[in-house]
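# Observations on the model geometry
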Amino acid sequence: MVAEAKAPATSKAYQNLVGGQWVEAKSGERFERRNPANEGEVVATFPWGEVADAQAAILAARKTFDETDWPRSHAKTRHAILRGTADRLRAEMNQVATVLSKEVGRPIGMAIAEVAATADVFEYFAGVALDPTEEAITNYAPDAVGIAVKEPVGVVGIITPWNFPLLLVSWKIAPAICAGCTLVVKPSQFTPASTLELGRIIAEAGAPPGVINVITGS
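Below or above, wherever it landed, is the structure these notes cover. (Residues numbered from 1 in each chain as written. Predicted model: local features only at pLDDT ≥ 70, side-chain atom pairs only at ≥ 80, totals over all residues. Heavy atoms only, no water.)

## Brief notes about the pattern of salt bridges
- A full pass over the atoms with the stated rule returns 15 salt bridges.
- With its nearest N and O atoms 3.0 Å apart, the salt bridge here joins E204 to R200. In this pair, E204 and R200 both sit in helix 6 (residues 193-204), four residues apart, roughly one turn of the helix.
- Three or more residues joined by partner-sharing salt bridges are found here, namely K12, R88, E92, E197, R200 and E204. (Salt bridge = Lys/Arg side-chain N within 4 Å of Asp/Glu carboxyl O. Helix = DSSP H or I, 4+ residues; strand = E, 2+ residues; numbered from the N terminus.)

Given below as structure tokens:
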């Protein structure tokens, strides 16, 4: 059982992103993250997600994949979301870097560099989305042509560590969106704020509800 965190008014109270909505954990419990650089400042508080919250996020991702046109969306649509995410990361670089710096306990210059690198990842995969090159394999049989077609696999589960929380998760989120998958992301409970900020930015860049879901907890 996790006691509800009592944070000062200056810290932010985040919620989980499930099916395009910001929601509390089903238990109503929360936890806090303190800045490891000073061991005192409360960076933010977060929902303490459990199995039921993970199941809700998976169902939301599954519904979007199975019941909407997202997996078959035009490459230009996915390009626009990925490029929009890169642009928004650059526009909000100082804000996101401040959150990252505090939750990791990292100098602000290093945090800014990580946000910039994350924007580069999304920009790269925005370009990949417009180049869906397939493969034709003709040497297996003289009277047949084999074609390898790239298709989204479905719901992608992503669990990431604390040390480079924004960059590491971008290496997984960006290609999954590029392919037309839906995602359930569970960042480390030590550094969840930057991933929730990224989830917000991706949604604001045009990702349909249920494409990206972010839950926090152990």
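And the narrative resumes.
## Here's the deal with a nonpolar patch on the surface
- Residues V145, I147 and V149 make up a contiguous nonpolar surface patch of roughly 310 Å² in combined accessible area.
- Along the chain, the position of V149 falls in the loop between strand 7 (146-148) and strand 8 (155-159).
- Under the relative-accessibility criterion, V149 is labelled exposed at 52%. (Patch = residues over 30% accessible without salt bridge, like charges linked within 9 Å, V, L, I, M, F, W, Y side chains within 5 Å. Areas by Shrake-Rupley, 256 points an atom, 1.4 Å probe, with all protein chains shown as cover. Buried < 20%, exposed > 50% of the residue type's maximum accessible area, 1.4 Å probe, protein only.)

## Section: the side chain of N16
- Considering the arrangement of structural elements, one finds N16 in strand 2 (residues 16-18).
- A polar side-chain atom of N16 sits 3.0 Å from the main-chain amide nitrogen of T216.
- In contact with N16, not counting residues within four places along its chain, are Q21, W22, V23, A25, P47, V214, I215 and T216. (Polar contact = N/O pair within 3.5 Å; in protein donor to acceptor, adjacent residues only side chain to side chain. Contact = heavy atoms within 4.5 Å.)

## A short note on the pairing of strand 9 (residues 182-186)
- Counting buried residues along strand 9, five of its five residues qualify, which places the element largely inside the surrounding structure.
- Taking every second residue as pointing to the same face, both faces of strand 9 are buried, with T182, V184 and K186 on one and L183 and V185 on the other.
- One ladder, built from five bridges, connects strand 8 with strand 9; its direction is parallel. Looking at strand 9, one finds that I158 is bridged to V185.
- For the segment spanning strand 8, helix 5 (residues 165-179) and strand 9, crossover handedness is right-handed.
- Taken together, the three bridges between strand 9 and strand 10 (residues 212-214) define a ladder with parallel strand orientation. Paired with L183 across the two strands is I212, which belongs to strand 10.
- The β-α-β motif built from strand 9, the intervening helix 6 and the parallel element strand 10 has right-handed crossover chirality. (Pairing = 2+ DSSP bridges. Right-handed = clockwise from strand over helix to strand, strands pointing away.)

## Details of the nonpolar core
- Membership of the largest hydrophobic core comes to 47 residues, with the highest contact counts inside it found for L82, F122, I173 and I202.
- When contributions to this core are tallied by element, the ones reaching two or more residues are strand 5 (42-47), helix 2 (75-91), helix 3 (93-104), helix 4 (108-129), helix 5, strand 9, helix 6 and strand 10.
- Those residues in contact with I173 that lie beyond four places of it in its chain are F122, I158, L183, V185, L198, I202 and I212. (Core = buried A, V, L, I, M, F, W, Y, C linked by side-chain atoms within 4.5 Å.)

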